[in-house]
Amino acid sequence: MAATNLFTPQPLTKSAASSLSWKQPIAPAFSLSMKRRLAAAQPRRFVVLAMENLKPTILVAEKLGEAGVKLLKEFANVDCSYNLSPEELCTKISLCDALIVRSGTKVSREVFESSGGRLKVVGRAGVGIDNVDLSAATEHGCLVVNAPTANTVAAAEHGIALLTAMARNVAQADASVKSGKWERNKYVGVSLVGKTLAVMGFGKVGSEVARRAKGLGMHVIAHDPYAPADRARAVGVELVGFDEAISKADFISLHMPLTPATNKILNDENFAKMKKGVRIVNVARGGVIDEDALLRALESGIVAQAALDVFTKEPPPADNKLVQHERVTATPHLGASTIEAQEGVAIEIAEAVVGALKGELAATAVNAPMVPAEVLTELKPYVELAEKLGRLAVQLVSGGSGVKSIKVTYASSRAPDDLDTRLLRAMITKGVIEPISDVFVNLVNADFTAKQRGLRIAEERVILDGSPENPLESIQVQIANVQSKFASAISESGDVTVEGRVKDGIPHLTKVGSFGVDVSLEGSIILCRQVDQPGMIGSVGSILGEENVNVSFMSVGRVAPRKHAIMAIGVDDEPSKETLKKIGDIPAIEEFVFLKL
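For every chain, the first residue of the written sequence is number 1, and numbering continues from 1 along that sequence. Local features in this predicted model are restricted to residues of pLDDT 70 or higher, and side-chain atom pairs are both shown and tallied only at a pLDDT of 80 or more, whereas totals for entire chains, interfaces and linings draw on every residue. Note that the side-chain values use all heavy atoms of the structure and ignore hydrogens as well as water.

A.B. asks: I'm lost on the overall build of the protein chain in this one. Help?
C.D. replies: Scanning the protein chain from N- to C-terminus turns up 19 helices and 25 strands. Categorising residues by exposure relies on relative accessible area from a 1.4 Å probe, with only protein chains included: less than 20% of the type maximum marks a residue as buried, more than 50% marks it as exposed, and the intermediate range marks it as partly exposed. Expressed as a percentage of its 597 residues, the buried residues of the protein chain come to 53%. In this analysis, two residues are considered to be in contact whenever any of their non-hydrogen atoms come within 4.5 Å of each other. For the protein chain, the share of sequence-separated contacts (at least 6 apart) that also reach a separation of at least 24 residues comes to 68%. For the protein chain, the exposed surface amounts to about 26500 Å²; the carbon and sulfur share of it is 52%. Secondary structure counts use DSSP, requiring at least four H or I residues in a row for a helix and at least two E residues in a row for a strand, with both numbered from the N terminus. Note on areas: Shrake-Rupley, 1.4 Å probe, and residue coverage restricted to the protein chains presented here.

A.B. asks: Please explain the packing of helix H18 (residues 536-546) against helix H19 (residues 577-584) as it appears in this structure.
C.D. replies: To characterise two packed helices, one gives the angle between the axes of the helices and the distance between these axes. Here H18 crosses H19 at 165°, and the two axes come no closer than 10 Å. In terms of their interaxial angle, H18 and H19 are classed as roughly antiparallel. Regarding H18 and H19, the two cross each other, and that crossing is right-handed. Counting all contacts with H18, which are made through Val 540, Ile 543 and Leu 544, the residues of H19 involved are Thr 579, Lys 582 and Ile 583. Amino acids outside the nonpolar list (Ala, Val, Leu, Ile, Met, Phe, Trp, Tyr, Cys, Pro) and the charged list (Asp, Glu, Lys, Arg) are all regarded as polar, and Gly is one of them. The class makeup of the residues in the contact of H18 with H19 is four nonpolar, one polar and one charged. Axis angles are defined between N-to-C directions and span 0 to 180 degrees, where every axis is a line fitted to C-alpha atoms and, for a helix, only to the segment in contact. Angle categories are assigned with fixed cut-offs, so that under 35 degrees is roughly parallel, over 145 is roughly antiparallel, 65 to 115 is roughly perpendicular, and the rest are oblique. By the definition used in this description, the sense in which the near helix is turned from the far one sets the handedness, with an anticlockwise turn below a right angle giving left-handed and a clockwise turn giving right-handed.

A.B. asks: Help me understand the pattern of salt bridges, please; the structure alone is not making it clear to me.
C.D. replies: One speaks of a salt bridge when a side-chain nitrogen belonging to Lys or Arg is within 4 Å of a carboxyl oxygen belonging to Asp or Glu. Using the criterion set out here, one finds 27 salt bridges in the structure. Arg 118 is the salt-bridge partner of Asp 97, the closest N and O atoms lying 3.1 Å from each other. With Asp 97 in the loop between helix H3 (86-93) and strand E4 (98-101) and Arg 118 in the loop between helix H4 (109-114) and strand E5 (121-124), this residue pair connects regions lying 21 residues apart in the sequence. Judged by its relative accessible area of 1%, Asp 97 is buried. Residue Arg 118 is classed as partly exposed on the basis of its relative accessible area of 29%. The network of salt bridges with common partners includes Glu 387, Arg 391, Lys 430 and Glu 434.

A.B. asks: So what exactly am I meant to see when it comes to the nonpolar core here?
C.D. replies: Nonpolar side chains in soluble globular proteins tend to be buried together. Among the nonpolar cores identified, the biggest contains 54 residues, and Leu 396, Ile 406, Ile 475, Leu 509 and Leu 527 are the most heavily contacted of them. With 10 residues, helix H15 (residues 373-395) is the single largest residue contributor to this core. Ignoring sequence-local partners within four residues, the contact set of Leu 509 consists of Leu 389, Leu 392, Val 498, Glu 499, Gly 500, Val 517, Asp 518, Val 519, Leu 521 and Ile 525. Here, the term nonpolar core denotes a set of buried Ala, Val, Leu, Ile, Met, Phe, Trp, Tyr and Cys residues that are joined through side-chain atoms within 4.5 Å.

A.B. asks: Got a minute to help me understand the environment of Val 78 in this structure?
C.D. replies: You can see Val 78 is positioned in strand E3 (residues 77-80). Separated by 18 residues in sequence, Val 78 and Val 60 have C-alpha atoms that sit 7.1 Å apart. Setting aside residues no more than four positions away along its own chain, Val 78 makes contact with Ile 58, Val 60, Leu 72 and Lys 73.

A.B. asks: Looking at this structure, I do not really get the pairing of strand E6 (residues 143-146). What am I missing?
C.D. replies: On a regular strand, one side chain projects to one face of the sheet and the next to the other, so that they alternate. Because side chains alternate across E6, one face comprises the buried residues Leu 143 and Val 145, and the other comprises Val 144 and Asn 146, equally buried. Remark: the E5/helix H5 (residues 134-139)/E6 crossover connection has right-handed handedness. Orient the strands so they point away from the viewer, and a crossover whose first-strand-to-second-strand path over the helix runs clockwise is right-handed.

It is worth stressing that arrangement in space is one thing and function is another; only the former is reported here.
Structure, rendered in structure tokens:
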């Protein structure tokens, strides 16, 4: 068997690592036979109207900085129509090639349908794209781009402003003086020099906050599973695990995205791990804090003060107890609200939209381009397998060092030029990154997103003898230089390893570490390492049955009879913590982990 590197479509060499660049051409390289098969299924291309001496029309539906509007007008006809009703937007959109919105305009499926196929790009002037129907955009061949970087400094500065204002009771003292009082003794603050700040999320904004906090004389630690250690060291920041960060901190500054993994991550359980008198700043997303739990922590004295720019519901109700709390400083989502940031966002989104209309694929694209139907049909189950293997692998990682190096091995009987793996690699990247990020990963931005996070992906191909009827026999994902929360997932190479294949159109997990298993990747999975003895399947099955958790598949892989074994259990529902504890309390079970798909 021969191994070859698949990052580029050129002749491949064994085991070379990928060079991650978002500038890599997107069009896949196929063999001549594949090209012939796809001749009748070419994807719709962006039309470069400027080359035909026709200016495209761009509808700007919400206020955009003048510098951005000026840039747009140099290339296109620009229609600035604000406060459109959904009906008015649907009427106008059929005459437009591009649409730019902020957060107030909902770009629904009806908008894309009303465009009649003319709308080629939607630009969101900001980071979040919750108001754009991505599925509908992709189905209609419309690229969606955003502007994720221009407001970085503004958000960091606001975080520091809240940090210092909170420490010195600026807002409360201001209100007191304006009410005719002079309460110097009441508003004695705390110094920042020498205090420990935990930056939770060491991305663009978090790292800028860290730089500024270091300048204030603070000791800064950070938690982020994807932050490169060298970048942290360059700023003078120590990367630590989540529990260590929140337990050591005098101040905590939140800069993490709102994902299922971070939703209400600051809850009663985690507040209990903090120093008494900790102070918290949130300029990220409201939902990362359980607001009721924060209120309890303030009342109990665990949290001395909080400064909040974002809330679970915005605007919060007038009688919101957290907003009204004497030791809470609140601002109305002002993180990006500077003149400079607004102009920067306007320019960034204008450049992305103009680039897309010229036929360029922007690095800030958040949805996938159209894929030929024949290719997508053939690869669909393998695409699903790739993403789920990525999700499984990253959930098996523990520790504060973060994921930096991934190796993907494809086993196939196909010729190297008859199978392009960029879509599969993108889906592995999606599975690894999306669970703890608000970035949407796809074929367009996967390599760029990985590079931004210091994630290096090497691809290797094992060529098998046999019929090339199926594009792949198996996919293996290995994460190097990490610890695992499930020790049995570490293979002989010392890496967290998972492997899978497609059976009857369904993705299956076939290997964990050095143990062979066979479980359908549907629902979620419980992995148990146990002493191989009679009755284990029945014991675990009974516990799940008593809790009304349905088991879809169960598989056992072992090294030898009566030695150690790995039991993989597919479940339709998420077991409660109590149910999982019962499984862990079975004497013969040495370790276990629950993995969400």
